[in-house]
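Residue-level structural notes
Each chain is listed here by its residues.
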Amino acid sequence: CLDAIEVSSRPVILSHTNPRALMNVKRNSPDAIMLAIANNGGVVCSNMYGGFVNGEMTAGPEDVAELVHYTAELIGKENTCIGVDYTHNLRETIDFFVRNPDIYRPEEGYGVPLQMGIPADVWGVVRVLEEKYRWEEKEIRGFLGLNYLRVLAEIERPLRAQ
């Protein structure tokens, strides 16, 4: 990941991750990677999959807001976004994980009883960010998608002639 960020001439999007400092599974990102993304002008999008949120495997608004705020404190609110890790067929997905433990290891947050936030749960996360962490409207709008769109616009802009 760090190599890709280093050679990229455009911002990089880390679309579905959480801070490894708060939940130590391989799917989550170390602080150094998230800082490199921010320094590159990119965004880190938090997910709401309980196996990647905390040891209790919960992904309620308080749980997700805590890791979003941690990420924002580390890399800046302008470099955060939401990347809801949602699937409509959660039961089938978990069953697939359970049947393939060599690939989807339970100790890495897969195939265990957990809570997965659905897209509508993002409003609960917003409420916690506003009330507990005092995020302002502009910061919330960025988190909900404007930060992501800013990065997409930069990625899609035509390359300048060298």
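Preceding this paragraph is the structure being described.
Residues numbered from 1 in each chain as written. Predicted model: local features only at pLDDT ≥ 70, side-chain atom pairs only at ≥ 80, totals over all residues. Heavy atoms only, no water.

Counting its regular elements, the protein chain contains seven helices and three strands. Traced from its N-terminal end to its C-terminal end, the protein chain shows the element sequence α-β-α-β-α-α-β-α-α-α. For the protein chain, the C-alpha atoms occupy an extent of roughly 50 × 40 × 25 Å along the three principal directions. When burial is assessed residue by residue, the protein chain has 48% of its 162 residues classed as buried. In the protein chain, 75% of the contacts between residues at least 6 apart in sequence involve partners at least 24 apart. Element-wise, carbon and sulfur atoms account for 53% of the exposed surface of the protein chain, whose accessible area totals about 9000 Å². (Helix = DSSP H or I, 4+ residues; strand = E, 2+ residues; numbered from the N terminus. Buried < 20%, exposed > 50% of the residue type's maximum accessible area, 1.4 Å probe, protein only. Contact = heavy atoms within 4.5 Å. Areas by Shrake-Rupley, 256 points an atom, 1.4 Å probe, with all protein chains shown as cover.)

The full count for this structure, using the stated rule, is one disulfide. Across the disulfide from cysteine 45 sits cysteine 81; the S-S distance is 1.8 Å. Measuring the twist about the S-S bond at about -75 degrees, one finds the cysteine 45-cysteine 81 disulfide to be left-handed. Of this pair, cysteine 45 sits in strand E2 (residues 43-46) while cysteine 81 sits in strand E3 (residues 80-82), placing them 36 residues apart in sequence. Taking relative accessible area as the criterion, cysteine 45 reaches 1% and is therefore assigned buried. Overall, the relative accessible area of 1% leaves cysteine 81 in the buried class. Note on cysteine 1: no disulfide assigned, nearest cysteine sulfur contributed by cysteine 45 at a separation of 13 Å. (Disulfide = S-S within 2.5 Å.)

Here the focus is helix H7 (residues 137-156). Here H7 is 20 residues long and its end C-alpha atoms lie 27 Å apart, about the 28 Å a rise of 1.5 Å per residue gives. Where H7 bends most, at phenylalanine 143, the angle is about 70 degrees. Within the span of H7, buried status applies to Ile140, Gly142, Phe143, Gly145, Asn147 and Val151. At its buried positions, H7 is contacted by strand E1 (13-17), E2, helix H4 (61-75), E3 and helix H6 (122-131). (Expected span 1.5 Å × (residues − 1). Bend = angle between axes of the 7 residues up to and from the residue.)

Turning next to the sheet that holds E1. Remark on secondary structure: sheet strands pair via backbone hydrogen bonds, oriented parallel or antiparallel. Spatially, the three strands line up as an open sheet ordered E1-E2-E3, and their pairing is parallel. The open sheet has two free edges, formed respectively by E1 and E3, since each of these has just one partner strand. With strand direction ignored, the average angle separating the axes of adjacent strands in the sheet is 25 degrees. Note: E2 against E3, three bridges, orientation parallel. Looking across to E3, one finds that valine 44 is bridged to threonine 80. Contacts from H4 reach E2 and E3, with the element oriented near 170 degrees to E2. (Pairing = 2+ DSSP bridges. Axes fitted to C-alpha atoms, helices over the stretch in contact; angles between N-to-C directions.)

This part takes up unusual backbone geometry. At methionine 57, a position not held by glycine, the phi torsion is positive, near 65 degrees. If you trace the backbone, methionine 57 turns up in the loop between helix H3 (50-53) and H4. Here arginine 134, not a glycine, exhibits a phi torsion of approximately 65 degrees, which is positive. For arginine 134, the location among the structural elements is in the loop between H6 and H7.

Moving on, we get to the side chain of threonine 80. Of note, threonine 80 is situated in strand E3. A distance of 2.8 Å separates a polar atom in the side chain of threonine 80 from the backbone oxygen of lysine 77. The contact partners of threonine 80, leaving out residues within four places of it in the chain, are Val44, Thr71, Ala72, Trp135, Gly142, Phe143 and Asn147. (Polar contact = N/O pair within 3.5 Å; in protein donor to acceptor, adjacent residues only side chain to side chain.)

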